[in-house]
Amino acid sequence: MRDPGLLETHEALTHLPAIRSPWRAAAVLWLVCVLAIAAQQWQFWRAGRLDTDVLALLPASDPSPEARRAARLLADGVSRQVVVLLGAPDWQAARAAAAQWRSALAQADAPLRPAAADPGADALLQFYEPWRARLLTPAQRDELQRAEPAVLVQRALALLHQPGLGGLADFASDPLGLWPQWLQARAAQSRARPRDGELWVAGGGMEWVVLRYEITGAPFSLSGDAVYQPALDAALRASQAAVPQAQSLAAGLPLHAEASAVRASREVNTIGWGSLAAVVLLAWLAFRRFGPLALTALSLAVGVATGLCVTGLVFGQVHLLTLVFGASLVGVAEDYGIHYFAARQGQPAARPRALMQSLLPGLLLALATSVLAYLALGLAPFPGLRQMAVFSAAGLVGAFLTALCWFPLLDRSVPRDSRFAAAVRGSLAKWPRWRPSRFAWTLAAGIAALAAAGLLQLRASDDLRVWQGSPAHLQQMQVQAGRMLGTPSVAQFYLVRGGTAQEVLEREEALKRVLDPVVARGAFSGYAAVSDWVPSLRQQEADARLRQRVEQQVLAGVNEVLGETLVRRAGAAQPLTPQAWLAAPASAAARALWLGEAEGQFGTVVMLQGLQDAALLPELQRMASQVEGVRWVDRAGEVSAVLARYRVAMTALLVAGHVLVLAALWSRFRREAWRAWLPTALASVLAVAVQGWVGEPFQLSHVLALLLLLGMGVDYGIFLLEHDGDGAAWLAVVLGAASTWLAFGLLALSSTPALHAFGLTLMIGIAAVWALSPLLRRPAAEQGA
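Only a predicted model underlies this, so the values are computations on that prediction, with no experimental measurement involved. Position numbers for residues count from 1 along each chain, tracking the sequence in the order it is written. With pLDDT at 70 or above as the cut-off, local features in this predicted model cover only qualifying residues; side-chain atom pairs require 80 or more to be listed or tallied, and sums for whole chains, interfaces and linings still use all residues. Only heavy atoms go into the side-chain values, all of them from the structure, while hydrogens and water stay out.

1. Here we look at the overall build of the protein
Moving on, step 1. When you go through the protein residue by residue, the secondary structure sums to 31 helices and 13 strands.
Moving on, step 2. Taking contacts inside the protein between residues at least 6 apart in sequence as the whole, the part at least 24 apart equals 83%.
Moving on, step 3. On the protein, roughly 34,500 Å² of surface is accessible, and the fraction owed to carbon and sulfur atoms is 61%. Each helix is a run of H or I in the DSSP string that is no shorter than four residues. Each strand is a run of E no shorter than two, and both are numbered from the N terminus. Throughout, a contact is declared for two residues whenever any of their heavy atoms are within 4.5 Å. Note on areas: Shrake-Rupley, 1.4 Å probe, and residue coverage restricted to the protein chains presented here.

Structural data, given as structure tokens:
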């Protein structure tokens, strides 16, 4: 039995004049636009403009251009490197495993090539030989200043009697053996040592061969197919065939980028196809016709293509994670088509164009709230989120225009009812309504108490790692390899700037004097600086004078004991300069620390080795203020601070958004506006409370999800108020909510923690809105009033 209100609406619609010309003109115009979009997409996919750089998702954390430049140069220096440690219980077994590894990797034809070898000890010896009398380590300098001359003379005599001395002339040029010690200190900045033609390091009770590679392609331009990891896995299997105990540790940004791209590609397929399958299944159960399925799929395809087109035109490329997020658009963009076909099923005799015209006010209001919610995501300073916002907003507009312009023209078949659709329509009348009573208020108070308990357990977290989401095993290998090799982190460093190259070197040396006591107490193992390899002119002159004075005293004491007339050989008259060092292969080990000149300022980077204690970071930051021209850069900390700042700002925006949405609803529904808004507000609180109960830290991605929930959840209330008591509108709400819930439920399965939190929040929120919207609709006595 049909609702009398529906019959009246049907009579009104069937007598509305068909506005043929504007509809056809709009359909043709949109067809031209879609053809242009298709042409652009053809070029886009041929050019392969997909971005997989995870750094592109992060905000510009540092407003200082020199700090950003330093971070970029350091990242560029390691973005192409892959380091493999191949270990075995003994050295000969490790060498055998390495030989099998190289052979297997060459056969795999992977885009990896052996990295250029660092200059060996002979190259360093040859380059620094002319300036050996000007070079001292801090420990040598301290010893020469403090030691008694008699003690140094005894040390020189002991050195003179050691085997391997080249002769008295060589002894006279370095009576205390300072030169070999300085070379050893330079080599000690890397724990890997040359051994039998390999690089060797020991750790974990095993001997390891260090293999270094460079990728041959772009570091982050990946298609989503694994290339590096399968080749490394095959090489390990070949090594283990020869040496069963062989183990490997692989580290490098290309491996993390590839893992992210492969995972994102898998999630695009899972979320996109899973959402599409859910939409198709629900549409078939409801409409039992091929037409609604085909047209809904058409609107989704046009929506996704429109989103890609606009995003590509605005940003020049599309991030792969934008596609992961955009795959969930399938569960939202089909709402317009489903709402049309649900109304068509409820009013089979109505003309399609007149029916669409009657639905247009509610659909436009729903589109506006959803688009505004998506665009609000773009207010965060994340290039990746801005892409997602533009992609989703443009995709929704494309799907809406497809339904608006084409559905009334292409929908020619007679609507067919189904038991599933009839059951859903009939369930609205059975759905409970809010009626003030003791039981209702008691239940509401109980739910409020549970929500409050969840909110009290909530804790905020702005950890950068939730936006990276690199696989745990890769992170563990990266950390383990870094500890074994003593590799400094590019996430924290000191930026040293000065008006001249010599001023920068002097400031580096002042910074190192501040850091040395911290190193001495074992807070971290050391540092890497350009001034370790090229001391400032002032330091070279001071060291040369110190060595000359002390060595002359030592030689005088030796001559007195031996009865010789040994004379110290003078060193190079010209000092060592950064220009000479940079032009030589000997600078390869530390060349990345030299930033060069930019805008009249020279810059270098001082990196810390073995820094593991995060509690030390504030102290390191304070130390930078003790030396002029030095700045502490903590990229991870700065990005986390930006995340915290924008979490607070976006929360304020969320509150403002609720106020604006309520005002927009008031302009149409007046005193009934709260019925469309309150379900979303309550669902937002419940979604956040659940995060507290399950122990999920509250982060920016939760706030962004709540912004999107505001835009989508209000739609359900709008539809139910626009079509009061209309079972067809309820069918559209149920189908739309179910497909959207499935889409974001699948997004909650993402391995990227930020996307997981985003999807989980929406999954809870959408379910709550779906349940609360009919509960808070008008009382039965007021319907039709």
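Structure shown, so let's carry the discussion forward.
2. Some points on the pairing of strand S9 (residues 492-498)
Moving on, step 1. Buried, partly exposed and exposed residues are distinguished by accessible area as a fraction of the type maximum, computed with a 1.4 Å probe on protein chains only: under 20%, between the cut-offs, and over 50%, respectively. Counting buried positions along S9 yields six of seven residues, so the element is predominantly enclosed.
Moving on, step 2. In this sheet, strand S13 (residues 630-634) lies alongside S9 in antiparallel orientation, the contact comprising five bridges. Bridged to Leu-495 within S13 is Arg-631.
Moving on, step 3. Here S9 pairs with strand S12 (residues 601-609) via six bridges, running antiparallel. Pairing between two strands requires that DSSP report at least two bridges joining them.

3. Section: unusual backbone geometry
Moving on, step 1. Phi is positive for Glu-599, which is not a glycine, with a value near 55 degrees.
Moving on, step 2. Note on placement: Glu-599 falls in the loop between strand S11 (594-598) and S12.
Moving on, step 3. In this model, Arg-670 sits at a positive phi of 55 degrees, which is unusual for a non-glycine residue.
Moving on, step 4. Within the fold, Arg-670 resides in the loop between helix H27 (635-669) and helix H28 (673-694).

4. Comments concerning the pattern of salt bridges
Moving on, step 1. Salt bridges are counted wherever a side-chain nitrogen of Lys or Arg sits within 4 Å of a carboxyl oxygen of Asp or Glu. Applying the stated criterion across every chain yields a total of 23 salt bridges.
Moving on, step 2. For the salt bridge of Arg-141 with Asp-543, the shortest nitrogen-to-oxygen distance reads 2.8 Å. Of the two residues, Arg-141 sits in helix H6 (residues 138-146) while Asp-543 sits in helix H24 (residues 537-562), which places them 402 residues apart along the sequence.
Moving on, step 3. If you follow the salt bridges from partner to partner, you end up with Glu-129, Arg-132, Asp-174, Arg-547 and Glu-551 in one network.

5. A look at the packing of helix H15 (residues 335-346) against helix H16 (residues 352-377)
The description of two packed helices rests on the angle between their axes and on the distance between the axes.
Moving on, step 1. Orientation of H15 relative to H16, taken along the N-to-C sense of each, is 145 degrees, at an axis distance of 10 Å. Seen from above, H15 lies across H16 with right-handed handedness. Together, Tyr-336, His-339, Tyr-340, Ala-343 and Arg-344 of H15 and Pro-352, Leu-355, Met-356, Leu-359, Leu-363, Leu-367 and Ser-370 of H16 make up the contact between the two elements.
Moving on, step 2. Each residue is assigned to one of three groups, with Ala, Val, Leu, Ile, Met, Phe, Trp, Tyr, Cys and Pro labelled nonpolar, Asp, Glu, Lys and Arg labelled charged, and all others, Gly among them, labelled polar. Along the lines of polarity and charge, the residues of the contact of H15 with H16 split into nine nonpolar, two polar and one charged. Interaxial angles span 0 to 180 degrees and are taken between N-to-C directions of axes, which are lines fitted to C-alpha atoms, for helices over the stretch in contact. Handedness of each helix crossing follows the sense of rotation of the near helix against the far helix: counterclockwise by less than a right angle gives left-handed, clockwise gives right-handed.

6. Things to note about the nonpolar core
Moving on, step 1. Residues Phe-744 and Leu-762 are the most contacted members of the largest nonpolar core, which totals 81 residues.
Moving on, step 2. The biggest single contributor to this core is helix H29 (residues 700-722), with 12 residues.
Moving on, step 3. Buried residues of nine kinds, namely Ala, Val, Leu, Ile, Met, Phe, Trp, Tyr and Cys, make up a nonpolar core once their side-chain atoms join them within 4.5 Å. In this structure, Leu-495, Ala-528, Ala-529 and Met-623 belong to the second largest nonpolar core, which totals 54 residues.

7. Quick word on the packing of H16 against H27
Moving on, step 1. For the pair H16 and H27, the least separation of the axes is 12 Å and the interaxial angle reads 170 degrees. Taken together, the axes of H16 and H27 lie roughly antiparallel to each other. For the pair H16 and H27, the contacting residues are Pro-361, Leu-365 and Ala-376 in the first and Met-650, Leu-653, Leu-665, Arg-668 and Phe-669 in the second. Oblique is the label for every angle not falling under 35 degrees (roughly parallel), over 145 degrees (roughly antiparallel), or within 65 to 115 degrees (roughly perpendicular).

8. Brief notes about the side chain of Arg-547
Moving on, step 1. Take Arg-547: it is sitting in helix H24.
Moving on, step 2. What makes Arg-547 buried here is its relative accessible area of 1%.
Moving on, step 3. Residues in contact with Arg-547, not counting those within four places in the same chain, are Arg-132, Ala-133, Leu-135, Leu-136, Leu-144, Ser-173, Asp-174, Leu-178, Gln-552 and Arg-568.

9. With respect to a nonpolar patch on the surface
Moving on, step 1. On the surface, Leu-313, Val-314 and Phe-315 cluster together into a nonpolar patch covering about 290 Å² of accessible area.
Moving on, step 2. Residue placement: Phe-315 occurs in helix H12 (residues 290-315).
Moving on, step 3. Judged by its relative accessible area of 32%, Phe-315 falls in the partly exposed class. Within this analysis, patches are made of residues with over 30% relative accessible area and no salt bridge. Like charges are joined at 9 Å or less; nonpolar side chains (Val, Leu, Ile, Met, Phe, Trp, Tyr) at 5 Å or less.

10. Focus: the packing of aromatic side chains
Moving on, step 1. Note on aromatic pairs: the rings of Phe, Tyr and Trp (six-membered ring only in Trp) are paired at centre separations within 6.5 Å, and the planes decide the class, stacked below 30 degrees, edge-to-face beyond 60, tilted for the rest. Under the definition given, this model contains 16 aromatic pairs.
Moving on, step 2. A centroid spacing of 5.3 Å and a plane angle of 75 degrees characterise the contact between Trp-431 and Trp-770, whose relative ring orientation is edge-to-face. Here Trp-431, found in the loop between helix H18 (419-430) and helix H19 (438-456), pairs with Trp-770, found in helix H31 (residues 753-775); they are 339 residues apart in sequence, far enough to count as distant.
Moving on, step 3. Exposure remark for Trp-770: the relative accessible area of 29% places this residue in the partly exposed category.

11. Some thoughts on the confidence of the model for the protein
Moving on, step 1. Confidence scores per residue from the predictor, reported as pLDDT, run from 0 to 100. Across the protein, pLDDT averages 83, with 88% of residues at or above 70.
Moving on, step 2. Here residues 1-19 scores under 50 on pLDDT; set against residues more than four positions off or in separate chains, the count is 22 contacts.

12. Quick word on helix H21 (residues 472-485)
Moving on, step 1. The end-to-end C-alpha separation of H21 is 20 Å, in line with the 20 Å expected for 14 residues at 1.5 Å each.
Moving on, step 2. Those residues of H21 that sit buried are Leu-474, Met-477, Ala-481, Gly-482, Met-484 and Leu-485. Mapping the buried residues of H21 onto a view down its axis gives an arc of 165 degrees, with all of them on the same face. Residue count minus one, scaled by 1.5 Å, sets the expected span of a helix. The reported arc concerns the directions from the helix axis to the C-beta atoms and nothing else.

13. Topic: the environment of Ala-231
Moving on, step 1. Within the secondary structure, Ala-231 sits in helix H10 (residues 228-242).
Moving on, step 2. Each C-alpha atom, one on Ala-231 and one on Leu-112, is 9.3 Å from the other, the two residues being 119 residues apart in sequence.
Moving on, step 3. Not counting residues within four places of it along the chain, the set of residues in contact with Ala-231 comprises Leu-105, Ala-108 and Ala-110.

14. Comments concerning the side chain of Asp-715
Moving on, step 1. Counting through the fold element by element, Asp-715 comes out in helix H29.
Moving on, step 2. Positive: Lys, Arg. Negative: Asp, Glu. His and the chain ends are not part of the count. Of the side chains with opposite charge, Arg-668 comes closest to the buried, unpaired Asp-715, at an N-O distance of 12 Å.
Moving on, step 3. Any pair of nitrogen or oxygen atoms within 3.5 Å is treated as a polar contact; in protein, a donor-acceptor pairing is required on top of that, and neighbouring residues in sequence qualify only through side-chain atoms on both sides. At 3.0 Å, the side chain of Asp-715 forms a polar contact with the side chain of Ser-370.
Moving on, step 4. Those residues in contact with Asp-715, other than ones at most four positions away along the chain, are Ala-366, Thr-369 and Ser-370.

15. Brief notes about the state of the cysteines
Moving on, step 1. In plain terms, two cysteine sulfur atoms within 2.5 Å form what is called a disulfide here. Taken as a whole and judged by the stated rule, the model has zero disulfides.
Moving on, step 2. There is no disulfide at Cys-33, and the cysteine sulfur nearest it, in Cys-405, is 8.9 Å away.
Moving on, step 3. According to the relative accessible area criterion, Cys-33 is partly exposed, its value standing at 32%.
Moving on, step 4. Of all cysteine sulfurs, the one in Cys-33 lies closest to Cys-309, which takes part in no disulfide; the gap is 9.9 Å.
Moving on, step 5. Cys-309 sits in the buried class, given a relative accessible area of 9%.

16. Brief notes about helix H26 (residues 617-624)
Moving on, step 1. What H26 keeps buried is the set Leu-617, Leu-620, Met-623 and Ala-624. Taken around the axis of H26, the buried residues stretch over an arc of 115 degrees, which confines them to a single face.
Moving on, step 2. Of the surrounding elements, those touching the buried residues of H26 are S9, helix H22 (501-520), S12 and S13.

17. Some points on the environment of Cys-405
Moving on, step 1. Positionally, Cys-405 belongs in helix H17 (residues 383-410).
Moving on, step 2. Sequence separation of Cys-405 and Pro-22 is 383 residues, and the distance between their C-alpha atoms is 9.6 Å.
Moving on, step 3. When sequence neighbours within four positions are dropped, the list of residues in contact with Cys-405 reads Trp-23, Ala-26, Ala-27 and Trp-30.

18. Concerning the environment of Val-280
Moving on, step 1. Summarising the element assignment, Val-280 is placed in helix H11 (residues 253-287).
Moving on, step 2. Owing to a relative accessible area of 35%, Val-280 belongs among the partly exposed residues under this scheme.
Moving on, step 3. Sequence-wise, Val-280 and Phe-290 are 10 residues apart; in three dimensions their C-alpha atoms are separated by 9.9 Å.

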